[in-house]
Amino acid sequence: MAGDRQGDPAAPLDVLVGGGGYVGLSLGVALKQADPAISVAVVDQRPRAALETDPRASAVAAAASRMLDQLGVWDEIAPHAQPMTEMIVTDSKLRDAVRPVFLTFDGEVEEGEPFAHMVPNGQMVAALSRRAEALGVELIAPDGVRDFAVGTGMVEVELASGARRRARLLVAADGVRSRLRDLAGIQTVRWEYDQSGIVTTVRHERPHHGRAEEHFLPSGPFAILPLTGNRSSLVWSEKRIEAERLVKGDDFTFELELERRFGHHLGKITLEGPRHAFPLGLTLARSFVRPRFALAGDAAHGIHPIAGQGLNLGFKDVAALAEVLVEARRLGQDVGALDVLERYERWRRFDTFQMGVVTDVLNRLFSNDMDGVRAVRDVGLGLVDRMPSLKKFFIRQAAGLQGEAPRLLTGQPI
């Protein structure tokens, strides 16, 4: 593949990104589109084909889709994206045959603009890869950052292939268990939930009409998220031991347990694609930056999927970091200087901490079967449902349109 080329090891880069998923690629695209003179390389240990065929799907909030549109990739992604036209929230015990709806949300933040779309990860990464290559971002895969050392004015990077590169800034976008974060000596606040998230795709007889469902069950939230066609993506929180049993067990047992939670409102359901389980926890980096080093995406924060905001937090990081770096270059400043990077950290840390706390509290509040707690939270959900202004605030918050947003998230160029 032409984009998987190794650059001249002697040529210094402005920015080297470790991690070639949607965060790393969108950062490369954002920087290169705003400033064609900036030199950017994105390196990932996985082959590009593996990244571009990821079978999972993610909820892309309205602000993030505005950013992808501004980056020139949304037109390519849109045919594969399913708008969320409605969302309902229920709270019940697993054995309950009827699950009363306590909270409903209309799906538009502006006329004709859904608050979110479900987007296949592979399609999104493939579109970003092609855009990055077209703009001149150097894509290096399969390879990875083995080690790095910060020197005077540069960070010296050693790749797993043995090649060496120099850059003014190294950005870690290599996931929640970031090796680059550990190499930088950045500590984290971390705790595990006794839960795993089971992810799979199902096909059903009846159309979902773009409706997303969040069922709060004793073991955790069970989300049914609409995909194109009569298909839905499931994010199923379950006790860790039970999740391991279900994922490793036979198809009949898995489908039986799935049907108990999914219900029959969409007709017969069948599995489409593999099922995976991943441990759930909260990870917050104590610092987002070091001299000539910055964290972005899950490397900076890993949160519970209860609010579907993991990907969108990553895109917020990208939009803020790109804006800070581009403005620094326009002012003749060094993009790897600590005072420049601290502007990014100040912009993003509080929002990240706030979202981490919110998802943690929501998970603890809704992942139990205590009758008293259920009664209180159901009353609370019912009250919110009767307050249109509060519902509008929550939906705009979920869409990423509240607060001080970087320009890309409002659909504006940097």
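Note that the structure is predicted; figures quoted are calculated from it, not measured. (Residues numbered from 1 in each chain as written. Predicted model: local features only at pLDDT ≥ 70, side-chain atom pairs only at ≥ 80, totals over all residues. Heavy atoms only, no water.)

1. Focus: empty space enclosed by the protein
Then, in step 1: All chains considered together, the criterion is met by 1 cavity of 30 Å³ or more.
Then, in step 2: Taken as a whole, the largest cavity holds about 30 Å³ of empty space.
Then, in step 3: Every residue lining the largest cavity is listed: Ala61, Ala63, Ala64, Asn312, Lys316, Ala399, Gly400 and Leu409.
Then, in step 4: Broken down by secondary-structure element, the contributors of at least two residues to the lining of the largest cavity are α3 (62-70) and α9 (310-330).
Then, in step 5: A class-by-class count of the residues in the lining of the largest cavity yields 5 nonpolar, 2 polar and 1 charged. (1 Å grid on protein atoms, 1.4 Å probe; cavity = no way out; pocket = protein on both sides within 12 Å on 5 of 7 lines; lining within 4 Å. Points joined across faces, edges and corners; volume = space filled by probe spheres on them. Helix = DSSP H or I, 4+ residues; strand = E, 2+ residues; numbered from the N terminus. Nonpolar A, V, L, I, M, F, W, Y, C, P; charged D, E, K, R; others polar.)

2. Let's talk about helix α8 (residues 251-262)
Then, in step 1: The terminal C-alpha atoms of α8 lie 16 Å apart, and with 12 residues this matches the ideal 16 Å at 1.5 Å per residue to within 8%.
Then, in step 2: For α8, the set of buried residues is Phe254, Glu257, Leu258, Arg261 and Phe262. Taken end-on, α8 shows its buried residues confined to a sector of 130°, consistent with a single buried face.
Then, in step 3: Looking at the packing, one finds that the buried side of α8 touches β14 (188-204), β15 (211-217), β16 (220-227), β17 (231-239), α7 (240-248) and β18 (269-271). (Expected span 1.5 Å × (residues − 1). Buried < 20%, exposed > 50% of the residue type's maximum accessible area, 1.4 Å probe, protein only. Arc of directions from axis to C-beta. Contact = heavy atoms within 4.5 Å.)

3. Quick word on the pairing of strand β3 (residues 57-61)
Then, in step 1: For β3, the buried fraction is high: 5 of the 5 residues fall into the buried class.
Then, in step 2: Of the two faces of β3, the one holding Ala57, Ala59 and Ala61 and the one holding Ser58 and Val60 are both buried throughout.
Then, in step 3: In terms of strand pairing, β3 meets strand β9 (residues 116-120) through 5 bridges, oriented antiparallel. Within β9, the position partnered with serine 58 by the bridge is valine 119. (Pairing = 2+ DSSP bridges.)

4. Structural notes on the side chain of serine 92
Then, in step 1: Its location among the elements puts serine 92 in the loop between β5 (86-91) and β6 (101-106).
Then, in step 2: Among residues more than four places away in sequence, those in contact with serine 92 are Arg99, Phe216, Leu217, Pro218 and Arg374.

5. Looking at the layout of surface pockets
Then, in step 1: The calculated volume of the second largest pocket comes to roughly 280 Å³.
Then, in step 2: Forming the walls of the second largest pocket are 15 residues, and the residues nearest its centre are Lys316, Asp351, Gln402, Gly403 and Glu404.
Then, in step 3: Counting residues per element, the lining of the second largest pocket draws most heavily on helix α10 (residues 338-366), which supplies 5 residues.
Then, in step 4: Classifying every residue of the lining of the second largest pocket by side-chain character gives 6 nonpolar, 5 polar and 4 charged.

6. Regarding the packing of aromatic side chains
Then, in step 1: Scanning all chains against the criterion turns up 6 aromatic pairs.
Then, in step 2: Each ring, one from phenylalanine 288 and one from tyrosine 344, has its centre 6.4 Å from the other, and the planes form 45°; the classification is tilted. In this pair, phenylalanine 288 sits in the loop between β19 (276-285) and β20 (289-290) while tyrosine 344 sits in helix α10, placing the two residues 56 residues apart along the sequence.
Then, in step 3: Exposure remark for tyrosine 344: the relative accessible area of 0% places this residue in the buried category.
Then, in step 4: Through pairs of rings, three or more aromatic residues link up here, namely Phe222, Trp236 and Phe254. (Phe/Tyr/Trp six-rings, centres within 6.5 Å; stacked < 30°, edge-to-face > 60°.)

7. Some words on the sheet that holds strand β4 (residues 82-83)
Then, in step 1: Spatially, β3-β9-β4 is the arrangement adopted by the 3 strands of the open sheet, whose pairing is antiparallel. Two strands lie at the open edges of the sheet, namely β3 and β4, each paired on one side alone.

8. Describing unusual backbone geometry
Then, in step 1: Along the chain, alanine 141 connects to proline 142 via a cis peptide bond; the corresponding omega equals -5°.
Then, in step 2: Examined against the element boundaries, proline 142 turns out to sit in the loop between β10 (138-140) and β11 (145-150).
Then, in step 3: Residues other than glycine seldom take positive phi values, yet histidine 209 does so here, at roughly 55°.
Then, in step 4: The residue histidine 209 is located in the loop between β14 and β15 in this model.

9. Quick look at the packing of helix α1 (residues 22-34) against helix α5 (residues 121-135)
Then, in step 1: The geometry of α1 relative to α5 is characterised by a closest axis approach of 9 Å and an angle of 30° between their N-to-C directions. Here α1 lies roughly parallel to α5, going by the angle between them. The crossing of α1 and α5 is left-handed. Contact residues: α1 offers Tyr22, Leu25, Ser26, Val29, Lys32 and Gln33, while α5 offers Met124, Val125, Leu128, Ser129, Arg131, Ala132 and Leu135. (Axes fitted to C-alpha atoms, helices over the stretch in contact; angles between N-to-C directions. Parallel < 35°, antiparallel > 145°, perpendicular 65-115°, else oblique. Left-handed = near helix turned anticlockwise from the far one by under 90°.)

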